[in-house]
Amino acid sequence: MKQYGVALLPVVTLWDKPEETKKNKARETVSAIGDELLYGMGVRIIGEPINGFYPVVTFYAYPGFVKQDELYLLSLEEMKAYEDDRLLVVNGRYVDVLSLPRVQGVRLASLPKGALIKVLGPDSEKKGWVKVELLSGETGYIRDQYLREKEFSQSYLWKEILPQSEIVDEMDFRRSVTETAMEYMGTQYRWGGRSTLGLDCSGLTSESYLLNGILIYRDARIEEGFPVHEIPKNAMLPGDLMYFPGHIAMYLGDCAYIHATAKVGNSGVVINSFDPASPYYRADLEESWYASGSIF
């Protein structure tokens, strides 16, 4: 039985109900997007289709609904085998898979940062290229500079225990997670997004941690069962998280933080400060900042 699925499109929407729109408190029609899956990411199907949507849970324990035709279905054995394949993570803002190991090749797919791709091996004739296999079975090529190791596991899908990578050096991890967040600088704000095409506040923080092997809660709050716990605000170090009502940011040090914000005139992934003397000071956020969190 095919109880698992893998995202077939560069970006697959995870809806919070089995339809694309909903009514907000003002009775306006708004998007029902809750999150996004990136190409190659897996889910577990947890029920029968509803209106063409599968109810699913992601490998980082986030529930939602995905359109049936946007998943490549797998059995448990196939999902485990897929996870055990040589999967690497796309590490460019938007990266082409080409039919040949040269720039004149036909574009087979374009994948955002964070997508997963099966690597078959380096090309023996063209330095700097690796051969990859798409879910369609087609093979193509990506420049090796646009790939990074996959540091997270998707085993929650069948074990229902959140796997976390071992952190050998705390300061190395803090440096890596903040550098990862910085790679999204300038990306537009997108409600429910988690890619270089657009992301929201918790999309930025959760994806930055995920790419470094740690699965934190997808939404902007400290949630029991996930590794982030509350710490004193004055104990923050780079990589720790700052919580506001309905919003989250990552601390960079020296009073600066990075976040994805929808604020008019300062929208997207930007750096702000809680130092009143800084030109990047956000008084509204400092006043509503109610907690800080850390995995350490």
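Residues numbered from 1 in each chain as written. Predicted model: local features only at pLDDT ≥ 70, side-chain atom pairs only at ≥ 80, totals over all residues. Heavy atoms only, no water.

Peer 1: I would appreciate a short explanation of the overall build of the chain in the present structure.
Peer 2: What the chain contains, in helices and strands, is five helices and 24 strands. The C-alpha radius of gyration of the chain comes to 19 Å, within 12% of the 19 Å expected for a compact globule of 296 residues. Its C-alpha atoms put the chain at 55 × 45 × 35 Å along the principal axes. Looking at the chain as a whole, 53% of its 296 residues are labelled buried. Contacts in the chain between residues far apart in sequence, at least 24 positions, make up 60% of those at least 6 positions apart. (Helix = DSSP H or I, 4+ residues; strand = E, 2+ residues; numbered from the N terminus. Rg over C-alpha atoms; globule rule 2.2 N^0.38 Å. Buried < 20%, exposed > 50% of the residue type's maximum accessible area, 1.4 Å probe, protein only. Contact = heavy atoms within 4.5 Å.)

Peer 1: Looking at this structure, how should I read the pairing of strand β13 (residues 116-122)?
Peer 2: Successive residues of a regular strand alternate their side chains across the two faces of the sheet. Sheet analysis places strand β10 (residues 87-90) next to β13, joined by three bridges and oriented antiparallel. Bridge pairing in β13 places Leu-88 opposite Ile-117. Sheet topology note: the β13/strand β14 (residues 129-133) ladder contains four bridges and is antiparallel. For Pro-122, the partnering residue across the bridge sits in β14 and is Val-130. (Pairing = 2+ DSSP bridges.)

Peer 1: Teacher, can you tell me more about helix α1 (residues 76-84) here?
Peer 2: Of the positions making up α1, those classed as buried are Met-79, Tyr-82 and Glu-83. All buried residues of α1 lie within an arc of 95° about the axis, which places them on one face of the element. The outward face of α1, more than 90 degrees from its buried face, is lined by the exposed residues Glu-77 and Asp-84. At its buried positions, α1 is contacted by β1 (4-7), β6 (42-45), β9 (71-74), β10, β13 and α2 (156-159). (Arc of directions from axis to C-beta.)

Peer 1: Please explain the sheet that holds strand β22 (residues 256-261) as it appears in this structure.
Peer 2: Across a sheet, strands are paired by hydrogen bonds formed along the backbone, either parallel or antiparallel in direction. Across the sheet, which stays open at both edges, the six strands sit in the order β19-β24-β20-β21-β22-β23 with antiparallel pairing between neighbours. At either margin of the open sheet sits one strand with a lone partner, and together these are β19 (229-231) and β23 (268-273). Across this sheet, the average inter-strand angle for adjacent strands is 40°, counted without regard to direction. Here three bridges tie strand β21 (residues 247-253) to β22, and the two strands are oriented antiparallel to one another. Among the inter-strand pairings, Gly-253 is bridged to a residue of β22, identified as Ala-256. Docked against the sheet, helix α3 (residues 170-182) engages β21, β22, β23 and β24 (291-294), running at close to 120° with respect to β21. This element, helix α4 (residues 201-210), spans β20 (241-244), β21, β22 and β23 of the sheet and lies at about 50° to β21. (Axes fitted to C-alpha atoms, helices over the stretch in contact; angles between N-to-C directions.)

Peer 1: Teacher, can you tell me more about the pattern of salt bridges here?
Peer 2: Side chains carrying opposite charge are able to pair once their charged atoms draw close together. All chains considered together, the criterion is met by 20 salt bridges. Note that Arg-221 and Glu-223 form a salt bridge whose closest N and O atoms lie 3.0 Å from each other. Through salt bridges that share partners, Asp-35, Arg-194, Asp-200, Glu-207 and Arg-218 make up one connected network. (Salt bridge = Lys/Arg side-chain N within 4 Å of Asp/Glu carboxyl O.)

Peer 1: It is not clear to me how the layout of surface pockets should be interpreted in this structure. Could you clarify?
Peer 2: Empty space left among the atoms is revealed by rolling a probe the size of a water molecule over them. Quantified by volume, the largest pocket comes out at close to 380 Å³. What lines the largest pocket is a set of 21 residues, among which Gly-34, Tyr-62, Trp-191, Asp-200 and Asp-219 lie closest to the centre. Listed by contribution, the elements that provide at least two residues to the lining of the largest pocket are β2 (11-15), β5 (33-38), β8 (63-67) and α4. Reported here for the second largest pocket is a volume of approximately 210 Å³. Every residue lining the second largest pocket is counted, 14 residues in all, and those nearest its centre are Tyr-82, Asp-85, Lys-118, Glu-133 and Leu-135. Of all the secondary-structure elements, those providing two or more residues to the lining of the second largest pocket are β9, α1 and β13. Looking at the lining of the second largest pocket, the element that brings in the most residues is β13, giving three residues. Across the lining of the second largest pocket, the residue classes break down as nine nonpolar, one polar and four charged. (1 Å grid on protein atoms, 1.4 Å probe; cavity = no way out; pocket = protein on both sides within 12 Å on 5 of 7 lines; lining within 4 Å. Points joined across faces, edges and corners; volume = space filled by probe spheres on them. Nonpolar A, V, L, I, M, F, W, Y, C, P; charged D, E, K, R; others polar.)

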